[in-house]
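Residue-level structural notes
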Amino acid sequence: MIYLDYQATTPLAPEVAKAMQPWIEERFANPHSPSRWGHEAAAAVEVARKHVEKAIGLKGGSVAFTGSATEAINWALKGTVEKAGKSRNRVITVATEHAAVLDTCEWLATQRVDVTLLPVGSDGRLDLSLLARELERNVLLVCVMQVNNEIGVTQPISEIAEMAHDAGALMFCDAVQAFGRVELCKGPDLVAVSAHKIHGPKGIGALWMRKGCEPAPLIHGGGQEQALRSGTLSPALCVGLGAAAKLADERATRDYDHVQKLWKAALQALGHGWTINGSTTHRYHGNLNLRREGLDGARLIADMRDVAFSLGSACASGSGRPSHVLRALGLDYKQARSSIRLGFGRYTTQQELVDACRRIAAHAIAQEKLDA
Ligand code: PLP
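Below you will find a few notes about this structure.

The rules behind the values
- Residues numbered from 1 in each chain as written.
- Predicted model: local features only at pLDDT ≥ 70, side-chain atom pairs only at ≥ 80, totals over all residues.
- Heavy atoms only, no water.
- Near = heavy atom within 4 Å.
- Polar contact = N/O pair within 3.5 Å; in protein donor to acceptor, adjacent residues only side chain to side chain.
- Areas by Shrake-Rupley, 256 points an atom, 1.4 Å probe, with all protein chains shown as cover.
- Buried < 20%, exposed > 50% of the residue type's maximum accessible area, 1.4 Å probe, protein only.
- Helix = DSSP H or I, 4+ residues; strand = E, 2+ residues; numbered from the N terminus.
- Arc of directions from axis to C-beta.
- Contact = heavy atoms within 4.5 Å.
- Salt bridge = Lys/Arg side-chain N within 4 Å of Asp/Glu carboxyl O.
- Expected span 1.5 Å × (residues − 1).
- 1 Å grid on protein atoms, 1.4 Å probe; cavity = no way out; pocket = protein on both sides within 12 Å on 5 of 7 lines; lining within 4 Å.
- Points joined across faces, edges and corners; volume = space filled by probe spheres on them.
- Nonpolar A, V, L, I, M, F, W, Y, C, P; charged D, E, K, R; others polar.

Surrounding the ligand, one finds 13 residues, the nearest of these being T70, D174, Q177, S194 and K197. Note that an oxygen atom of the ligand is positioned 2.7 Å from one of the side-chain N or O atoms of Q177. Here S194 contributes a side-chain N or O atom positioned 2.7 Å from an oxygen atom of the ligand. Compared with its free state, where it exposes 390 Å², the ligand has 87% of that area covered by protein.

Set out below in structure tokens:
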């Protein structure tokens with residue numbers, strides 16, 4: 001199996017599995033209990049927190065662990081609205097955000113929050129003059145992701161954060177696809193990350209919060225995480241996220257250079273007849289989302305069972321609905337259906353990527369001949 005679906009999830013790093021192992025088996029203590037074992041577990045959680053904060057690289061805030069980035073996103077948005085009360089009630093976001101943001105905003109709209117969804121250009125980028133216009137009215141929160149999960153296109157987060165702050169608003173950034181892959185942009189007040197996109201375990205994420213910008217709690221209970229996010233922490237998962245973050249931080253240049261090489265090799269192996277979806281300059285190169293006229297992407301995936309790749313986002317695949325991101329770029333139904341996403345990274349070898357791309361190209365040409 002050649003795995004080319006790095007945006008959906010990434011393989012667990014061996015170093016991470018090793019770091020987690022004792023906390024899964026013999027070191028089972030509750031990190032919130034006062035015994036010596038409990039203290040040891042709590043200490044491991046705090047070391048992990050420091051690794052995550054260092055890898056995030058932003059100053060003046062701290063991290064709380066969550067059960068996923070989806071939870072961190074729900075918490076950031078709903079908790080910020082709740083904390084603000086009635087003073088400001090507008091939230092601005094973008095049409096190409098992940099469902100975790102868009103669906104939370106949709107729910108907020110049912111709670112009398114005034115939600116504005118900004119369009120993107122055909123390159124997938126936000127037009128900042130549109131944002132400037134919207135910022136004139138009583139905005140509480142601006143939510144924009146750094147790297148898009150479907151097309152890899154990046155947004156100018158620092159500029160957006162500055163504009164939001166000038167208008168008295170806060171800025172939330174979904175950095176799930178950026179964290180551990182590229183440097184995170186300075187400026188946001190709240191940042192969501194996930195472990196399983198950076199070779200860590202599934203079932204854990206984190207919310208970085210600038211001091212003073214902590215959202216009201218979403219989950220109530222035992223008062224863990226400074227009474228902001230209740231629930232017993234899993235030392236194994238926290239240690240796993242910490243180890244994955246540390247590794248990503250240490251290997252940042254190596255992983256980045258590897259991805260740059262893979263991107264070039266993939267394009268060369270695919271050959272002519274493909275169009276990259278979204279900006280070719282403002283993007284993360286471990287995400288190659290492209291289309292080919294007349295291609296049936298779903299058929300291609302079914303024909304190539306030993307290569308794992310995707311039609312768009314993992315959530316949208318299989319639903320039969322064309323991706324909301326590709327539609328936001330202005331692609332029609334046929335163009336969206338003819339698009340595939342190849343995601344690669346640290347453990348992808350150039351040889352396997354080139355093999356897979358050559359086979360994808362051959363299958364695509366065979367489809368054309370069959371359909372002619
Ligand atoms: N945001 C983006 C951009 C993502 O790609 C994902 C995962 O697909 C999420 C949020 C949700 O992350 P998690 O799986 O940790 O809930």
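Here we come to helix α1 (residues 14-24). Within α1 the residues assigned to the buried category are V16, M20 and W23. Axial view of α1: buried residues confined to an arc of 45°, hence all on one face. Exposed side of α1, more than 90 degrees from the buried face: P14 and K18 are the residues found there. Those residues of α1 that are buried are in contact with α2 (36-56) and α8 (235-250).

This brings us to the pattern of salt bridges. Opposite charge on two side chains allows them to pair when their charged atoms are near. Inspection of the entire model under this criterion finds 19 salt bridges. Here K50 and E53 are joined by a salt bridge, their closest N and O atoms 3.3 Å apart. Placement of the pair is K50 and E53 together in helix α2, with a separation of three residues, close to one helical turn. The class of K50 is exposed, set by a relative accessible area of 55%. The closest approach of N and O atoms between E71 and R229, which form a salt bridge, is 2.8 Å. A residue pair is termed long-range when its members are at least 10 positions apart, and E71 in helix α3 (residues 69-84) and R229 in the loop between α7 (224-227) and α8 qualify at 158 residues. For the pair E71 and R229, a shared accessibility class is recorded, and that class is buried.

The end-to-end C-alpha distance of helix α9 (residues 252-270), which contains 19 residues, comes to 27 Å, matching closely the 27 Å that a straight helix rising 1.5 Å per residue would cover. Every buried residue of α9 is listed here: D255, V259, L262, W263, A265, A266, A269 and L270. Contacts made by the buried residues of α9 are with β9 (275-276), β10 (287-291), β12 (339-343) and α13 (350-371). Positive phi shows up at G271, right after α9, with a value of about 80°.

Turning next to empty space enclosed by the protein. A complete count under the given rule lists two cavities of 30 Å³ or more for this structure. Computed from the structure, the largest cavity encloses a volume of approximately 160 Å³. Along its surface, the largest cavity is lined by 16 residues, and G180, R181, H199, D255 and Y284 are the ones closest to its centre. Per-element tally for the lining of the largest cavity: the top contributor is α9, with four residues. Here the lining of the largest cavity is built from residues that sort into eight nonpolar, four polar and four charged. Roughly 30 Å³ of internal volume is contained in the second largest cavity. Among the secondary structure elements, those contributing two or more residues to the lining of the second largest cavity are β2 (61-66) and α7. Looking at which element gives the most residues to the lining of the second largest cavity, the answer is β2, with three residues. Its residues assigned to classes, the lining of the second largest cavity comprises four nonpolar, two polar and two charged.

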